[in-house]
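In case you want the letters, here they are:
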Amino acid sequence: MKYTKKDRQKLLLNTLEKNPFITDENLASTFNVSVQTIRLDRMELAIPELRERIKSVAAHNFEEEVKSLPIDEVIGEIIDIDLDKQAISLLDITKDHVFARNGIARGHHLFAQANSLAVAVINDELALTRKSTITFVKPVKEGDRVIAKAVVVSCDMEINTTLIEVTSKVENDTVFVGQFSMYRVTKS
(Lines give C-alpha, C1' and ligand atoms only; values in the text may rest on other atoms or scores of the structure.)
Protein backbone atom coordinates (compact mmCIF):
# COMPACT_ATOMS: atom_id res chain seq x y z
CA MET A 1 0.00 0.00 0.00
CA LYS A 2 1.25 3.48 -0.86
CA TYR A 3 1.10 6.06 1.93
CA THR A 4 1.31 9.82 1.78
CA LYS A 5 4.45 11.20 3.35
CA LYS A 6 2.45 12.54 6.31
CA ASP A 7 0.68 9.20 6.89
CA ARG A 8 3.91 7.23 6.47
CA GLN A 9 5.70 9.41 9.02
CA LYS A 10 2.83 9.04 11.49
CA LEU A 11 2.91 5.26 11.04
CA LEU A 12 6.70 5.31 11.34
CA LEU A 13 6.45 7.03 14.73
CA ASN A 14 3.85 4.51 15.92
CA THR A 15 5.88 1.57 14.66
CA LEU A 16 9.07 2.75 16.38
CA GLU A 17 7.21 3.47 19.59
CA LYS A 18 6.04 -0.16 19.65
CA ASN A 19 9.37 -1.61 18.52
CA PRO A 20 12.39 0.72 18.76
CA PHE A 21 14.69 -2.12 17.61
CA ILE A 22 13.34 -2.45 14.09
CA THR A 23 15.89 -1.78 11.35
CA ASP A 24 15.63 0.79 8.57
CA GLU A 25 15.61 -2.11 6.11
CA ASN A 26 12.59 -3.71 7.81
CA LEU A 27 10.82 -0.34 7.95
CA ALA A 28 11.46 0.21 4.25
CA SER A 29 9.99 -3.19 3.47
CA THR A 30 6.97 -2.55 5.74
CA PHE A 31 6.18 0.79 4.08
CA ASN A 32 7.24 -0.29 0.58
CA VAL A 33 9.77 2.54 0.21
CA SER A 34 13.54 2.77 -0.05
CA VAL A 35 15.85 2.69 2.96
CA GLN A 36 16.92 6.23 2.03
CA THR A 37 13.29 7.40 2.30
CA ILE A 38 13.07 5.92 5.80
CA ARG A 39 16.33 7.64 6.78
CA LEU A 40 15.06 10.97 5.45
CA ASP A 41 11.79 10.52 7.35
CA ARG A 42 13.72 9.73 10.54
CA MET A 43 15.87 12.84 10.06
CA GLU A 44 12.82 15.07 9.55
CA LEU A 45 11.18 13.59 12.64
CA ALA A 46 14.43 13.77 14.68
CA ILE A 47 14.38 10.00 15.26
CA PRO A 48 17.87 8.65 15.92
CA GLU A 49 19.37 5.69 14.06
CA LEU A 50 18.92 2.19 15.45
CA ARG A 51 22.11 2.04 17.53
CA GLU A 52 21.23 5.30 19.29
CA ARG A 53 17.66 4.09 19.91
CA ILE A 54 19.03 0.91 21.49
CA LYS A 55 21.37 2.90 23.74
CA SER A 56 18.53 5.23 24.71
CA VAL A 57 16.21 2.36 25.66
CA ALA A 58 19.04 0.65 27.56
CA ALA A 59 19.91 3.81 29.50
CA HIS A 60 16.24 4.35 30.33
CA ASN A 61 15.74 0.75 31.48
CA PHE A 62 18.87 0.41 33.63
CA GLU A 63 17.58 1.15 37.09
CA GLU A 64 20.01 -1.36 38.52
CA GLU A 65 23.69 -1.84 37.83
CA VAL A 66 25.21 -5.15 36.80
CA LYS A 67 27.41 -6.36 39.66
CA SER A 68 28.74 -9.74 38.58
CA LEU A 69 30.87 -8.59 35.65
CA PRO A 70 31.86 -5.38 33.86
CA ILE A 71 29.13 -4.33 31.42
CA ASP A 72 31.61 -4.28 28.53
CA GLU A 73 32.25 -8.01 29.08
CA VAL A 74 28.64 -8.90 28.28
CA ILE A 75 28.34 -10.34 24.78
CA GLY A 76 25.68 -8.28 23.02
CA GLU A 77 24.03 -5.16 24.36
CA ILE A 78 21.90 -5.38 27.49
CA ILE A 79 18.69 -3.47 26.86
CA ASP A 80 16.78 -4.38 30.02
CA ILE A 81 17.72 -5.88 33.35
CA ASP A 82 15.98 -6.58 36.64
CA LEU A 83 18.63 -8.23 38.82
CA ASP A 84 17.79 -11.72 40.07
CA LYS A 85 14.67 -11.73 37.88
CA GLN A 86 15.32 -11.24 34.16
CA ALA A 87 17.45 -9.54 31.52
CA ILE A 88 17.38 -9.00 27.76
CA SER A 89 20.24 -8.45 25.34
CA LEU A 90 20.68 -7.92 21.60
CA LEU A 91 23.42 -9.30 19.39
CA ASP A 92 23.69 -8.30 15.74
CA ILE A 93 25.32 -11.11 13.77
CA THR A 94 28.07 -9.81 11.49
CA LYS A 95 30.48 -11.53 9.12
CA ASP A 96 32.89 -11.87 12.07
CA HIS A 97 30.37 -14.20 13.77
CA VAL A 98 29.70 -16.57 10.85
CA PHE A 99 31.39 -19.34 8.92
CA ALA A 100 32.66 -17.89 5.62
CA ARG A 101 31.52 -20.95 3.68
CA ASN A 102 27.80 -20.81 4.54
CA GLY A 103 27.13 -17.55 6.44
CA ILE A 104 25.79 -19.42 9.50
CA ALA A 105 26.72 -18.07 12.93
CA ARG A 106 29.19 -20.07 14.99
CA GLY A 107 27.44 -21.55 18.02
CA HIS A 108 29.90 -20.23 20.55
CA HIS A 109 28.70 -16.67 19.88
CA LEU A 110 25.10 -17.60 20.74
CA PHE A 111 26.31 -19.50 23.80
CA ALA A 112 28.49 -16.55 24.89
CA GLN A 113 25.57 -14.13 24.59
CA ALA A 114 23.32 -16.41 26.65
CA ASN A 115 25.97 -17.29 29.23
CA SER A 116 27.13 -13.70 29.80
CA LEU A 117 23.49 -12.62 30.17
CA ALA A 118 22.97 -15.40 32.76
CA VAL A 119 26.00 -14.08 34.66
CA ALA A 120 24.88 -10.44 34.37
CA VAL A 121 21.38 -11.04 35.80
CA ILE A 122 22.88 -12.36 39.07
CA ASN A 123 22.72 -9.77 41.86
CA ASP A 124 26.04 -10.71 43.47
CA GLU A 125 29.70 -9.79 43.16
CA LEU A 126 30.68 -13.20 41.79
CA ALA A 127 28.71 -15.45 39.45
CA LEU A 128 30.15 -18.45 37.63
CA THR A 129 28.56 -21.02 35.39
CA ARG A 130 28.38 -24.31 37.26
CA LYS A 131 26.56 -26.29 34.56
CA SER A 132 24.69 -25.60 31.33
CA THR A 133 22.36 -27.55 29.10
CA ILE A 134 21.94 -25.98 25.68
CA THR A 135 20.06 -26.61 22.46
CA PHE A 136 20.67 -24.92 19.14
CA VAL A 137 17.20 -24.90 17.58
CA LYS A 138 17.73 -23.14 14.24
CA PRO A 139 20.65 -21.69 12.32
CA VAL A 140 21.36 -17.98 12.68
CA LYS A 141 22.74 -16.07 9.70
CA GLU A 142 24.73 -12.95 9.04
CA GLY A 143 22.49 -9.90 9.38
CA ASP A 144 20.20 -11.51 11.97
CA ARG A 145 19.49 -9.77 15.26
CA VAL A 146 19.47 -12.22 18.17
CA ILE A 147 17.37 -11.19 21.16
CA ALA A 148 18.21 -13.22 24.26
CA LYS A 149 16.02 -13.23 27.36
CA ALA A 150 17.30 -14.65 30.65
CA VAL A 151 14.77 -15.52 33.34
CA VAL A 152 15.71 -16.56 36.89
CA VAL A 153 13.77 -19.76 37.58
CA SER A 154 14.96 -20.52 41.10
CA CYS A 155 17.49 -19.40 43.67
CA ASP A 156 18.86 -21.49 46.55
CA MET A 157 21.04 -19.28 48.72
CA GLU A 158 21.89 -22.20 51.06
CA ILE A 159 23.98 -23.74 48.29
CA ASN A 160 24.69 -20.46 46.45
CA THR A 161 22.98 -21.65 43.27
CA THR A 162 20.64 -19.93 40.84
CA LEU A 163 18.95 -21.61 37.88
CA ILE A 164 18.46 -19.39 34.82
CA GLU A 165 16.71 -20.18 31.54
CA VAL A 166 17.78 -18.27 28.44
CA THR A 167 15.82 -18.21 25.22
CA SER A 168 17.28 -16.54 22.14
CA LYS A 169 15.13 -15.53 19.19
CA VAL A 170 15.53 -14.06 15.74
CA GLU A 171 12.35 -12.16 14.99
CA ASN A 172 9.80 -14.54 16.59
CA ASP A 173 11.67 -17.78 15.92
CA THR A 174 13.49 -19.48 18.80
CA VAL A 175 17.07 -20.25 17.76
CA PHE A 176 18.73 -21.18 21.07
CA VAL A 177 17.56 -22.44 24.47
CA GLY A 178 19.75 -22.92 27.51
CA GLN A 179 19.52 -23.69 31.20
CA PHE A 180 22.35 -22.35 33.31
CA SER A 181 23.07 -23.44 36.86
CA MET A 182 25.02 -20.56 38.33
CA TYR A 183 27.29 -20.47 41.38
CA ARG A 184 27.11 -17.15 43.21
CA VAL A 185 28.94 -15.57 46.13
CA THR A 186 28.48 -12.24 47.84
CA LYS A 187 31.82 -10.79 48.87
CA SER A 188 31.87 -9.42 52.40
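- You'll find the chain entered in an unreviewed UniProt entry as Transcription factor FapR, with Psychrobacillus mangrovi given as the organism.
- Quoted verbatim from the Function (unreviewed entry) heading of the UniProt record, the comment on the chain is "Transcriptional factor involved in regulation of membrane lipid biosynthesis by repressing genes involved in fatty acid and phospholipid metabolism."
- Its UniProt record gives the chain a comment under Sequence similarities (unreviewed entry), which states: "Belongs to the FapR family."

**As for the sheet that holds strand S6 (residues 173-185)**
Sheet strands line up and pair through hydrogen bonds in the backbone, either parallel or antiparallel.
Then comes step 1: Spatial strand order, S1-S2-S4-S5-S6-S3: 6 strands in an open sheet with antiparallel pairing. The two strands at the open ends of the sheet, each matched to only one other strand, are strand S1 (77-82) and strand S3 (126-136). Shown here is a sheet whose adjacent strand axes are inclined to one another by a mean of 20°, direction ignored.
Then comes step 2: Packing against the sheet, helix H5 (residues 107-120) makes contact with S1, strand S2 (86-92), S3, strand S4 (145-156), strand S5 (161-170) and S6, and its axis sits at approximately 45° to S6.

**Things to note about the nonpolar core**
Then comes step 1: Val140, Ile164 and Val166 are the most contacted members of the largest nonpolar core, which totals 32 residues.
Then comes step 2: When residues of this core are traced back to their parent elements, those giving at least two are S1, S2, H5, S4, S5 and S6.
Then comes step 3: For this core, the leading source of residues is H5, giving 6 residues.
Then comes step 4: Once residues lying within four places of it in the same chain are set aside, the contact partners of Ile164 are Ala118, Val121, Ile122, Ala150, Val151, Val152, Val153, Gly178, Gln179, Phe180 and Met182.

Conventions adopted
- Residues numbered from 1 in each chain as written.
- Predicted model: local features only at pLDDT ≥ 70, side-chain atom pairs only at ≥ 80, totals over all residues.
- Heavy atoms only, no water.
- UniProt positions renumbered as here; feature names shortened; annotations may be inferred.
- Pairing = 2+ DSSP bridges.
- Helix = DSSP H or I, 4+ residues; strand = E, 2+ residues; numbered from the N terminus.
- Axes fitted to C-alpha atoms, helices over the stretch in contact; angles between N-to-C directions.
- Contact = heavy atoms within 4.5 Å.
- Core = buried A, V, L, I, M, F, W, Y, C linked by side-chain atoms within 4.5 Å.
- Buried < 20%, exposed > 50% of the residue type's maximum accessible area, 1.4 Å probe, protein only.

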